[in-house]
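Structural overview for review
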There are 2 protein chains.
Amino acid sequence: MNYVIDELEIGQKASFTKTISENDVYLFAGISGDMNPAHLDEEYARSTFFKKRIAHGLIAASLISNVLGMKLPGVGTIWVKQDLEFLAPVYFGDTITATVEIVEVLKDKKKVKVSAYCVNQNGAVVLKGMGIVSPPKVKVE
Amino acid sequence: MNYVIDELEIGQKASFTKTISENDVYLFAGISGDMNPAHLDEEYARSTFFKKRIAHGLIAASLISNVLGMKLPGVGTIWVKQDLEFLAPVYFGDTITATVEIVEVLKDKKKVKVSAYCVNQNGAVVLKGMGIVSPPKVKVE
């Protein structure tokens, strides 16, 4: 599914929700090589501000990638720019909803500006930031 | 390994290099749920501007997470903010080097500003952006 630029308007939204598992974190550690004990070492994590292991911040961000590339604007979208502000930890078992909202349609530049944010099961915003994407040129059903 | 704020100075750098595999992309698709055919469907990808499957942009960004959380400032670092500008595709088999450089030490705010970038085996910058991190308070050897 996707939307070409003429189908996009301010206020349009899409979301994706996923419970972040220990598996996600351990696989992400392998992909990134980021073996920071804050993510992998429960004994170490107990001594930190967060008191237990937390997910890599980019795992929440990956759910934004999901929405942009599959829903809004969807297949064919090119991600040009994204600002990320990490606001709160994501614990194993947290259910994160990523939402993308169109905030500006730059028709002359063939780009759209989006507001993206991730919220946990308690309604806390864990991640937010503005992004710029180039929507697909061709409509796919 | 890590550096507390008094050990950090402008110009300090650290890097991490990894060849991005098909495995990385398929695992990241599972973690994110981002099944965009640009990453997973070689037939579809042939019809795109990039001509073949490309890695998710956040996989390159994950190597920045690696450097920040393990090398500079290292263990105990909290990632506060990161801007990402996706400049070029990462193809399967590309070898990406992520570098983090300290550009400002904000002692009063107990934060540092970093410049982060990812370069491929041909020297092309695929991703760059400024970030803000809170360095560890306690020195770990």
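Here we summarise the structure given alongside this text. Predicted model only: the values in this text are computed from it and were never measured.

**Regarding the sheet that holds strand S1 (residues 13–19) of chain A**
- Spatially, ten strands are ordered S1(A)-S3(A)-S4(A)-S5(A)-S2(A)-S2(B)-S5(B)-S4(B)-S3(B)-S1(B) in an open sheet, and the strand pairing comes out antiparallel. Edge positions in the sheet fall to S1 of chain A together with strand S1 (13–19) of chain B, since each has one partner strand and no second. Geometrically, the sheet is characterised by an average inter-axis angle of 20° between neighbouring strands, direction not taken into account.
- As judged from the nine bridges shared by strand S3 (residues 95–106) of chain B and strand S4 (residues 111–119) of chain B, these two strands associate in the antiparallel manner. Note that in S4(B) the partner of B:Leu106 across the bridge is B:Lys111.

**Regarding the relation of the copies chain A and chain B**
- Screw-axis analysis of chain A against chain B gives a translation of 0.0 Å along the axis, an RMSD of 0.0 Å, and a rotation angle of 180°. In short, the pair behaves as if placed about a two-fold rotation axis. When each C-alpha of chain A is compared by its distance to the rotation axis, A:Asp83 comes out closest, at 2.1 Å.
- A shared binding surface is used by both copies, with 100% of the interface residues of chain A retained as interface residues in chain B.

**Concerning the environment of A:Val125**
All names here are of chain A.
- One can find Val125 in strand S5 (residues 125–134).
- Overall, the relative accessible area of 35% leaves Val125 in the partly exposed class.
- For Val125 and Phe86, which are 39 residues apart along the polypeptide, the C-alpha to C-alpha distance reads 9.0 Å.
- In this view, Val125 contacts Leu87, Ala88, Tyr117, Cys118 and Val119; residues no more than four positions away in its chain are not counted.

**Section: the interface of chain A and chain B**
- Facing the 36 residues of chain A at the interface are 36 residues of chain B.
- Looking only at chain A, the three residues that lose the most surface to chain B are A:Ile31, A:Leu58 and A:Phe86, adding up to 20% of its buried area.
- Linking chain A with chain B are zero salt bridges.
- There are 14 residue pairs in polar contact (both at pLDDT 80 or more) connecting chain A and chain B.
- At the level of secondary structure, the elements contributing two or more residues to the side of chain A that touches chain B comprise S1, helix H1 (22–32), helix H4 (57–70) and strand S2 (78–86) of chain A.
- Taken together, the residues that form the side of chain A that touches chain B break down as 19 nonpolar, eleven polar and six charged.
- Both S2(A) and strand S2 (residues 78–86) of chain B contribute to a ladder of five bridges, which runs antiparallel. Opposite A:Leu84, over in S2(B), you have B:Gln82 as the bridge partner.

The rules behind each value
Residues numbered from 1 in each chain as written. Chains lettered and ligands numbered in written order. Predicted model: local features only at pLDDT ≥ 70, side-chain atom pairs only at ≥ 80, totals over all residues. Heavy atoms only, no water. Pairing = 2+ DSSP bridges. Helix = DSSP H or I, 4+ residues; strand = E, 2+ residues; numbered from the N terminus. Axes fitted to C-alpha atoms, helices over the stretch in contact; angles between N-to-C directions. Least-squares fit on C-alpha atoms with pLDDT ≥ 70 in both. Contact = heavy atoms within 4.5 Å. Buried < 20%, exposed > 50% of the residue type's maximum accessible area, 1.4 Å probe, protein only. Buried area = accessible area lost by both parts, 1.4 Å probe. Salt bridge = Lys/Arg side-chain N within 4 Å of Asp/Glu carboxyl O. Polar contact = N/O pair within 3.5 Å; in protein donor to acceptor, adjacent residues only side chain to side chain. Nonpolar A, V, L, I, M, F, W, Y, C, P; charged D, E, K, R; others polar.

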